[in-house]
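The primary structure of each chain is shown beneath.
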Amino acid sequence: MIPYGKQDITLDDINAVKDVLLSEYLTQGPAVPHFEATLAKKVGAEYAVAVNSATSALHISCLALGLNKNDWLWTSPISFVASSNCALYCGAKVDFVDINDSTYNLCPIALEKKLKEAAAKGCLPKVVVPVHLCGQSCEMKSIYRLSKQYGFKVIEDASHAVGAKYCDEYIGNCKYSDITIFSFHPVKIITCGEGGVALTNNSQLNQTLNLLRGHGITRDSSKLKNRDEGSWYYEQLSLGYNYRMTDIHAALGLSQLERVDKYVEYRQSMAKMYDAKLADMPIKLPQQEKDTYSSYHLYPILIDFKSLNIDKQEYFNNLRNSGVGVNLHYIPIYKQPYYKSLGFEYNYCSNAEIYYEQTISIPLHQKLSTEEQDLVVNNIKKFLGC
Ligand SMILES: *Cc1c(COP(=O)(O)O)cnc(C)c1O
């Protein structure tokens, strides 16, 4: 089976991990701060706080921004459940803003409309989480402008978008947001095994994120509430978690980070080839906005199965049975039984519904060869009857 996504591990990666295993520290050693500093410098952010997953990064980012039980967090329904679960961890309430029907990202026009209505009712969100779906940036300038007008904070869920750019600058520089999150799960652009990071330019947020990932504990004598009782002394200042990244994971991430631009270039070239090879098919291909340079974590194709009179399940299974590891990203979050139990209607956002009906993610990763790509394309056509 040609998988839809796959990690690429080199001998350098293996040696980097081995070096840590043979060193003094497996965790809380030098590799994590080295990874953080290198990543922050690369994407142009002041601070990076590495954690054990993007989900953890989203959680502590919401806490650091003060999200609590009377607050709302809004995000896109077409994302992984972690984008909204982070609000529920804080006891806050979640709502969804429908997607744009060509980028499939959170739609700034729908956002503005919903903000106007919420302002009238006095229930504006405290945090909005735009998700850079597939690695293509959301319209951050519009979202930023709205955040100033309506007074909400912005966390970019850039789990798909390591190495991607917006207006010729790396996503992660937090120019239009308070915090940006990356994921280093093996299926994403670069991997730590498991891992994530929160990037910010705000020193106060950086300090709070650091506290929250490590039990809320500090040893910094300038921050202690009581008298420093000795070199053993530490204080817990808030209720934090153990969300630390290990040095083993950081060493892998650091080694992978050296290849991120190469990876994105390869994904871009394979995506362009899909664009060409699938043109003239009854398929909607991923459209790119002019200010964006996507990392192409995913390549979703949209097929109007209903009007073509094709059974989607059968088409999907045919592809899988022919060795093409298709997948689907994503089921609208509000359709999940858990979210239904929170009161969401099953067909809450109309563009998200159409997207879900039509989308299939086809294989795209750094190990995908052109021969494999041709096999994918031929089967996509064959089962469409083209
Ligand atoms: C993968 C992913 C996450 C969660 O990342 P983890 O590192 O697995 O916790 C969050 N949001 C989106 C959009 C993702 O794709």
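This text gives an overview of the structure that appears in the document. (Residues numbered from 1 in each chain as written. Predicted model: local features only at pLDDT ≥ 70, side-chain atom pairs only at ≥ 80, totals over all residues. Heavy atoms only, no water.)

It is worth spelling out the overall build of the chain at this point. Each helix and strand counted, the chain has 14 helices and 14 strands in total. Over its C-alpha atoms the chain spans a radius of gyration of 22 Å, differing by no more than 12% from the 21 Å that the globule rule assigns to 386 residues. C-alpha extents for the chain along the principal axes are approximately 75 × 60 × 35 Å. Taking all 386 residues of the chain together, 54% fall into the buried category. For the chain, the share of sequence-separated contacts (at least 6 apart) that also reach a separation of at least 24 residues comes to 72%. Carbon and sulfur atoms make up 50% of the accessible area of the chain, which amounts to about 17,100 Å² in all. Positive and negative side-chain charges of the chain, numbering 39 and 41 respectively, have mean locations separated by a distance of 3 Å. (Helix = DSSP H or I, 4+ residues; strand = E, 2+ residues; numbered from the N terminus. Rg over C-alpha atoms; globule rule 2.2 N^0.38 Å. Buried < 20%, exposed > 50% of the residue type's maximum accessible area, 1.4 Å probe, protein only. Contact = heavy atoms within 4.5 Å. Areas by Shrake-Rupley, 256 points an atom, 1.4 Å probe, with all protein chains shown as cover. Lys, Arg positive; Asp, Glu negative; His and termini not counted. Charge placed at Lys NZ, Arg CZ, Asp CG, Glu CD.)

The mixed open sheet is built from seven strands, whose spatial order is E1-E9-E8-E5-E4-E2-E3. At either margin of the open sheet sits one strand with a lone partner, and together these are strand E1 (47–51) and strand E3 (93–96). This sheet shows a mean twist of 20° between the axes of neighbouring strands, independent of strand direction. As paired elements, strand E8 (residues 179–183) and strand E9 (residues 196–200) share five bridges and run antiparallel to each other. Its bridge partner lying in E9, Phe 182 is registered against Val 197. The strands touched by helix H7 (residues 203–213) within the sheet are E1, E8 and E9, with E1 carrying the most contacts at an inclination of about 15°. (Pairing = 2+ DSSP bridges. Axes fitted to C-alpha atoms, helices over the stretch in contact; angles between N-to-C directions.)

Further remarks concern helix H4 (residues 82–89). The buried fraction of H4 amounts to six of the eight residues, a majority that puts the element mostly inside the structure. The elements touched by buried residues of H4 are helix H3 (54–64), strand E2 (72–75), E3, strand E4 (127–129), strand E5 (153–157) and helix H12 (337–340). Within two residues after H4, Gly 91 carries a phi angle of roughly 75°, on the positive side.

Our focus in this paragraph is a nonpolar patch on the surface. There is a patch of nonpolar side chains on the surface, built from Ile 9, Leu 11 and Ile 14 and spanning about 290 Å² of accessible area. By relative accessible area, which is 39% here, Ile 9 ends up partly exposed. (Patch = residues over 30% accessible without salt bridge, like charges linked within 9 Å, V, L, I, M, F, W, Y side chains within 5 Å. Salt bridge = Lys/Arg side-chain N within 4 Å of Asp/Glu carboxyl O.)

Close contacts around the ligand come from 15 residues, with Thr 55, Asp 157, His 160, Ser 183 and Lys 188 the closest. Note that an oxygen atom of the ligand is positioned 2.8 Å from one of the side-chain N or O atoms of Ser 183. Taking Lys 188, its side chain carries an N or O atom lying 3.0 Å from an oxygen atom of the ligand. Within the complex, the protein chains bury 92% of what would otherwise be the 380 Å² of accessible surface of the ligand. (Near = heavy atom within 4 Å. Polar contact = N/O pair within 3.5 Å; in protein donor to acceptor, adjacent residues only side chain to side chain.)

Take the packing of helix H1 (residues 11–21) against helix H8 (residues 247–257) next. Relative to each other, H1 and H8 sit at 150°, their axes nearing to 8 Å. The pairing of H1 with H8 is recorded here as roughly antiparallel in orientation. Considering the relative orientation of H1 and H8, their crossing is right-handed. Facing Asp 12, Asp 13, Ala 16, Val 17, Val 20 and Leu 21 of H1, the residues of H8 in contact are Asp 247, Ile 248, Ala 251, Leu 252, Ser 255 and Gln 256. Considering only residue class, the contact of H1 with H8 consists of seven nonpolar, two polar and three charged. (Parallel < 35°, antiparallel > 145°, perpendicular 65-115°, else oblique. Left-handed = near helix turned anticlockwise from the far one by under 90°. Nonpolar A, V, L, I, M, F, W, Y, C, P; charged D, E, K, R; others polar.)

This part covers the pairing of E8. The buried fraction of E8 is high, at five of five residues. With burial as the criterion, each face of E8 is covered, one bearing Ile 179, Ile 181 and Ser 183 and the other bearing Thr 180 and Phe 182. Across three bridges, E5 lies against E8 in parallel orientation. Bridge pairing in E8 links Ile 155 to Ile 179.

What follows deals with H1. Buried residues of H1: Asp 13, Ala 16, Val 17 and Val 20, and no others. In a view along the axis of H1, the buried residues occupy a sector of 95°, so they form one face of it. Away from the buried face of H1 by more than 90 degrees, exposed residues Leu 11, Asp 12 and Asp 19 are located. Those residues of H1 that are buried are in contact with H8. (Arc of directions from axis to C-beta.)

So, about the sheet that holds strand E7 (residues 169–170). Ordered in space as E7-E6-E12, the three strands form an open sheet in which the pairing is antiparallel. Strand pairing shows two members of the sheet lacking a second neighbour, E7 and strand E12 (292–293), which therefore form its edges.

We now examine the side chain of His 329. Looking at where His 329 falls in the secondary structure, it is placed in the loop between helix H11 (312–321) and H12. Here Tyr 4 takes part through its side chain, which lies 3.4 Å from a polar atom of the side chain of His 329. Of the polar contacts made by the side chain of His 329, one reaches the side chain of Ser 361; its length is 2.7 Å.

Here the focus is the packing of aromatic side chains. Within the structure shown, the criterion is met by 15 aromatic pairs. Centroid distance Tyr 334 to Tyr 348: 5.7 Å. Interplanar angle 75°. Geometry classified as edge-to-face. Residue Tyr 334 is found in the loop between H11 and H12, and its partner Tyr 348 is found in the loop between H12 and helix H13 (350–358); the two are separated by 14 residues along the sequence. On the accessibility criterion, Tyr 334 (0% relative accessible area) is buried. Summarising the aromatic geometry, the rings of Phe 344 and Tyr 348 are spaced 5.4 Å apart at their centres and angled 70° between planes, so their arrangement reads as edge-to-face. The class for Phe 344 is buried, based on a relative accessible area of 11%. Joined through ring pairs, the aromatic side chains of Phe 96, Tyr 334, Tyr 338, Tyr 339, Phe 344 and Tyr 348 make up one cluster. It is Lys 114 that lies over the ring of Trp 74; its NZ or CZ is 5.4 Å from the centre. The ring of Tyr 346 has Lys 335 lying over it, and the distance from NZ or CZ to the ring centre is 3.8 Å. (Phe/Tyr/Trp six-rings, centres within 6.5 Å; stacked < 30°, edge-to-face > 60°. Lys NZ or Arg CZ within 6 Å of the ring centre and 35° of its normal.)

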